[in-house]
Amino acid sequence: MTWFRSDAFRKTWGPVLASVALMTLAFPPFNIFLLVFLAPAPWIASLRHKTGRESAKSGYVFGALLLAGQMFWVVQFVGKWTGSPAMGAVPWLISAFLAGFFYALLGWVINLCWRLRWPWLIPLAWAGLEGLRAFIPVLAFPWVILANPLWLVPAIGQPAAYGTVFLVSAWVLIPSILIAGSMSARTLEERLDLRSTVRLAMAFAGISLLGAVRLFQTPSTFTQTITLGQPGVDMAFTTPEDEAMQLRRASLDLLNAAVIQDSNLLILPEGYAGDVPQLPPQTPLGEQPPVNIIMGGARRTEKGIYQAAFTWDGREWAFGDKTRLVAFGEYVPFREFLPFASSFNVIPIDLIPGQTLVTPKVGEMRLGPLICFEGLFPDLAAHHGRQGAQVLVQMSIDDWYEFTPAHEQLWQSSIWRSIESGLPLVRVGARGKTLATDDRGRLIAAAPIGRTAPVKVTLNVPFASDSFPHRMVFVYLCWAISLGIIGLGLARRVPPPSPDAPLPDPTPKNAG
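Positions within a chain are numbered from 1, following the residues in the order the chain's sequence is written. Confidence filtering applies because this is a predicted model: local features only for residues at pLDDT of at least 70, side-chain atom pairs given and counted only at 80 or more, and all residues used for totals across whole chains, interfaces and linings. Heavy atoms from the whole structure form the basis of all side-chain values; hydrogens and water molecules are not counted.

(A) Looking closely at the pairing of strand β12 (residues 443-446). We call two strands paired when DSSP finds no fewer than two bridges between them. Only DSSP runs of H or I with at least four residues qualify as helices, and only runs of E with at least two residues qualify as strands; both kinds are numbered from the N terminus onward. Bridge count for strand β11 (residues 435-437) against β12 is three bridges, and the pairing is antiparallel. When the sheet's bridge partners are listed, Thr-437 is paired in β12 with Leu-443. Hairpin remark: β11 followed by β12, antiparallel, with five residues in the connecting loop; positive phi at Gly-441, about 80 degrees.

Put into structure tokens, the structure is as follows:
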């Protein structure tokens, strides 16, 4: 107990543990979403008077602990997949180990902002480093994004239409900076000066107003009926024979329901079409289904295998390949340096990423397909919007992650793609989560998890996205600002941390 009362715990590890605990409570499975507005404050405050090295060390511990908690589902997922609990722990530990380095850099940058007396830049640096973690080649994994828990209140997430979910992360961080500025002040001069406070308050109010105005803007739309075809079949861990039998049975219910509902489009999950060496796909729907279709499957070619979205528009079949693959799920990065992988049930053949993002027109609608993992990435939805998409369509097999917090984070990220794009989104999983949103990210329909469910959705489809088409520019701006701060730090143009001085006692002293 003595250690808990020590200065080292109070100044360093206590704030780290407090912020990790608050962040964990804000995310699934706890979902106390309002905690995101203050969760980072203890850790950010503790960095103010540290050296750069101390801040990086604190950031590493913060990031490793946070991601260890948020990624623990990997142990269950990989352990069940490979048949080895020990193998399940390997990627979990690796992910926490690597995440620590991103947050070490973030801790060092936040410390530089404090020392430069530019705390108003901390939200942009945070968003920039979050974006780096989300888009870095090979290891890209946009997970535990600060704004994500606010999917529950799309009304306050609307600024994402101008700068992606990362703009909302920066906005969410502002109250924590104001709290941290008060918590960490040791002298009167160190209290957040008036200019910094005004800048942060104005930024918070301005972004809030931006979101409020957008929520009540109404785009021009036309009406379409869509059937969300959730088979209710476990497509992750069912044997191929049982899966085929169950899908045949479910397909009749889904197709008949779509016909009865006079649907303009039936959506089926990722993997539904199975292996497709050539068009048309051989499925229980037949070669010329009576309704328009979009579904996922594996497209086999002489070059290799692609994950793809297959569409039937009443006249012909077409496809668009998945461009963003899952590391260790659809390919093994650095396979030649991981000889142990061949000893376990790890994918024997790497899938190939598509080179072109296809935005097909099916009936009266231009669709933006997002195949499972692709729904985590704002840039893909933005690209579909620029190519004229009117509805985002996400097809998934979430069965791999069912009964873990990952299941929630995956479908919650879909809500953000709808908010960012100003487009309705329809999402179908093999067993769920199956849902639909309107053009502002508000849930309008959902299917019960685990059941065969043909959900009818009457969708108001915009003629075009009304979001800012170049909203990824905000992420690039944050990267540039972060690089500038890092450059100043490396050039040693940043003053050293202020000495450990207590706040002066404001009580007047007696002259005698």
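More follows now that the structure is in view.
(B) Seen up close, a nonpolar patch on the surface. A cluster of nonpolar residues, Val-90, Ile-94, Phe-97, Leu-98, Phe-101, Val-138 and Leu-139, forms a patch on the protein surface that exposes about 580 Å² of accessible area. Inspection of the secondary structure assignment puts Ile-94 in helix α5 (residues 85-116). Excluding any residue in a salt bridge, patches collect residues exceeding 30% relative accessible area, merging like charges within 9 Å and nonpolar Val, Leu, Ile, Met, Phe, Trp and Tyr side chains within 5 Å. Shrake-Rupley sampling with a 1.4 Å probe provides the accessible areas, and residues are treated as covered by the protein chains on show and by no other component. What makes a salt bridge here is a side-chain nitrogen of Lys or Arg within 4 Å of a carboxyl oxygen of Asp or Glu, nothing more.

(C) Molecular detail of the sheet that holds β11. An order of β7-β8-β9-β10-β11-β12 is seen for the six strands of this open sheet, with the pairing classed as mixed. In this open sheet, the two strands that pair with only one neighbour each are β7 (361-362) and β12. With five bridges connecting them, strand β9 (residues 391-396) and strand β10 (residues 425-429) associate as parallel partners. Residue Met-395 lies in a different strand from β10, and its bridge partner there is Val-428. Most of the contacts of helix α10 (residues 378-386) go to strand β8 (residues 365-371), to which it runs at about 165 degrees, and overall it touches β8 and β9. In what follows, a contact means two residues having at least one pair of non-hydrogen atoms within 4.5 Å. Axes here refer to lines fitted to C-alpha atoms; in helices the fit is confined to the stretch in contact. Angles between the N-to-C directions go from 0 to 180 degrees.

(D) How the structure looks around the packing of aromatic side chains. Note on ring pairs: Phe, Tyr and Trp rings are taken, using the six-membered ring of Trp, and paired if centres are within 6.5 Å. Classes follow the plane angle, with under 30 degrees stacked, over 60 edge-to-face and the rest tilted. Counted by the stated rule, this structure contains 22 aromatic pairs. Ring centres 6.3 Å apart and planes at 70 degrees place the aromatic pair Trp-43 and Trp-126 in the edge-to-face group. Taken together, the residues Trp-43 in helix α2 (residues 41-46) and Trp-126 in helix α6 (residues 122-135) connect sequence positions 83 residues apart. Trp-126 shares its class with Trp-43; the two are buried. Taking the centre distance of 5.4 Å and the plane angle of 85 degrees together, the rings of Trp-73 and Tyr-401 count as edge-to-face. Pair noted here: Trp-73 is in helix α4 (residues 73-82) and Tyr-401 is in the loop between β9 and α11 (405-421), with a separation of 328 residues, a long-range link. This pair shows no difference in class: Trp-73 is buried, exactly as Tyr-401 is. One aromatic cluster is present, formed by Trp-73, Phe-135, Phe-141, Trp-143, Phe-166, Phe-373, Phe-377, Tyr-401, Tyr-476 and Trp-479 through successive ring pairs. The ring of Tyr-306 has Arg-299 lying over it, and the distance from NZ or CZ to the ring centre is 4.6 Å. A positively charged side chain is recorded as over a ring if its NZ (Lys) or CZ (Arg) lies within 6 Å of the ring centre. The angle to the ring normal must also be within 35 degrees. Cation over ring: Lys-433 sits above Trp-411, and NZ or CZ is 4.9 Å from the ring centre. Buried residues are those whose accessible area, probed at 1.4 Å on protein chains only, stays under 20% of the maximum for their type, while exposed residues exceed 50% and partly exposed ones sit between those limits.

(E) Structural view of α5. Take the residue count of a helix, subtract one, and multiply by 1.5 Å to get its expected span. For α5, spanning 32 residues, the distance from its first C-alpha to its last is 47 Å, which sits close to the expected 46 Å at 1.5 Å a residue. Trailing α5 by a residue or two, Arg-117 shows a phi angle of about 65 degrees, which is positive.

(F) Layout of the nonpolar core. Here, the term nonpolar core denotes a set of buried Ala, Val, Leu, Ile, Met, Phe, Trp, Tyr and Cys residues that are joined through side-chain atoms within 4.5 Å. In terms of nonpolar packing, the biggest core is built from 96 residues, with Trp-43, Ile-44, Ile-110, Trp-126, Leu-150, Phe-166 and Trp-416 touching the most fellow members. Top contributing element to this core by residue count: α5, with 13 residues. Those residues in contact with Ile-44 that lie beyond four places of it in its chain are Ile-110, Trp-114, Ile-122, Trp-126, Leu-173, Ile-177 and Ala-180. Of all hydrophobic cores here, the second largest spans 24 residues; its members include Phe-222, Leu-228, Leu-265 and Val-461.

(G) A look at the packing of α6 against helix α12 (residues 473-490). Where α6 contacts α12, the two axes come as close as 8 Å, and the packing angle between them is 110 degrees. In terms of orientation, α6 and α12 fall into the roughly perpendicular class. Classified by chirality, the crossing of α12 by α6 is left-handed. Residue-level contacts link Leu-124, Ala-125, Ala-127, Gly-128, Leu-129, Gly-131, Leu-132 and Phe-135 of α6 to Phe-474, Val-475, Cys-478, Trp-479, Ile-481, Ser-482 and Ile-485 of α12. Any residue outside Ala, Val, Leu, Ile, Met, Phe, Trp, Tyr, Cys, Pro, Asp, Glu, Lys and Arg is labelled polar, Gly included; the first ten of those are nonpolar and the last four are charged. Residue classes in the contact of α6 with α12 are distributed as twelve nonpolar, three polar and no charged. Geometric relationships in this document are graded by angle, where less than 35 degrees denotes roughly parallel, more than 145 denotes roughly antiparallel, 65 to 115 denotes roughly perpendicular, and other angles denote oblique. Crossing handedness follows the turn of the near helix against the far one: under a right angle anticlockwise gives a left-handed crossing, and clockwise gives a right-handed one.

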